[in-house]
Amino acid sequence: MEGLYEVKNVTVSIRRPPRDVYAFVSDGANVPRWASGLGQEIRRVDGEWIASGVLGSVRVRFAPPNELGVADHDVTLENGDTVHNPLRVVPNGTGSSVIFTLLRRPGVSQGEFERDAQTIEKDLTVLKTLLEGP
């Protein structure tokens, strides 16, 4: 459909309560521990998170704290473009599922889109390992 982007949801289930998973993923200080695609270093500057990594220096703004598990974050690239990244933590039995919605933006090739999805899948696997333990 014209005006809509191709979508891919990447999901991982984690054997931890939703509030624990949400608290971890919505804390910008934890980003380098699990989200390699976003940055290897992060610091707080004037109420914003600044991440440094493969994308260069980017600003990261998380959705306000909430009880719904919405951990969406906007990433503003060095060129000024902002990418909205929907991320949800939802109850799943005695644990949680984390759902990242990847949108294929204009100018992104099918190969780049697939590589982005693979990076997100790896990042969510790292998140699962961190929160569940070995």
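Since we're looking at a predicted model, the values are computed, not measured.

Asker: Just give me the short version of the sheet that holds strand β5 (residues 73-76), but keep the residues and values in it.
Answerer: Within the open sheet, the five strands sit side by side as β2-β3-β4-β5-β6. Their pairing is antiparallel. At either end of the open sheet lies a strand with only one pairing partner, and these are β2 (41-45) and β6 (82-85). Strand-to-strand twist of the sheet, defined as the mean angle between neighbouring strand axes without regard to direction, takes the value 25°. Here β5 runs beside β6; their pairing, made up of four bridges, is antiparallel. By the bridge assignment for β6, Val75 is matched with Val83.

Asker: So what's going on with the packing of helix α1 (residues 18-25) against helix α3 (residues 110-132)? Which residues, and what values?
Answerer: Axis separation between α1 and α3 bottoms out at 11 Å; the angle between their running directions is 120°. The angle between the axes of α1 and α3 places the two elements in the oblique class. The element α1 and its partner α3 pack so that their crossing is right-handed. The segment α1 lies against α3, with Val21, Phe24 and Val25 engaging Leu127, Leu130 and Leu131. Within the contact of α1 with α3, the residues separate by chemical class into six nonpolar, no polar and no charged.

Asker: So, the sheet that holds strand β1 (residues 6-14): which residues are in play, and what are the values?
Answerer: Within the open sheet, the three strands sit side by side as β1-β8-β7. Their pairing is antiparallel. Across the chains shown, the open sheet's two edge strands, defined by having one partner strand only, are β1 and β7 (87-92). Between one strand axis and the next, the sheet turns through 25° on average, direction left out of account. Across six bridges, β7 lies against strand β8 (residues 95-104) in antiparallel orientation.

Conventions adopted
- Residues numbered from 1 in each chain as written.
- Predicted model: local features only at pLDDT ≥ 70, side-chain atom pairs only at ≥ 80, totals over all residues.
- Heavy atoms only, no water.
- Pairing = 2+ DSSP bridges.
- Helix = DSSP H or I, 4+ residues; strand = E, 2+ residues; numbered from the N terminus.
- Axes fitted to C-alpha atoms, helices over the stretch in contact; angles between N-to-C directions.
- Parallel < 35°, antiparallel > 145°, perpendicular 65-115°, else oblique.
- Left-handed = near helix turned anticlockwise from the far one by under 90°.
- Contact = heavy atoms within 4.5 Å.
- Nonpolar A, V, L, I, M, F, W, Y, C, P; charged D, E, K, R; others polar.

Function cannot be read off these values alone, since they describe shape.
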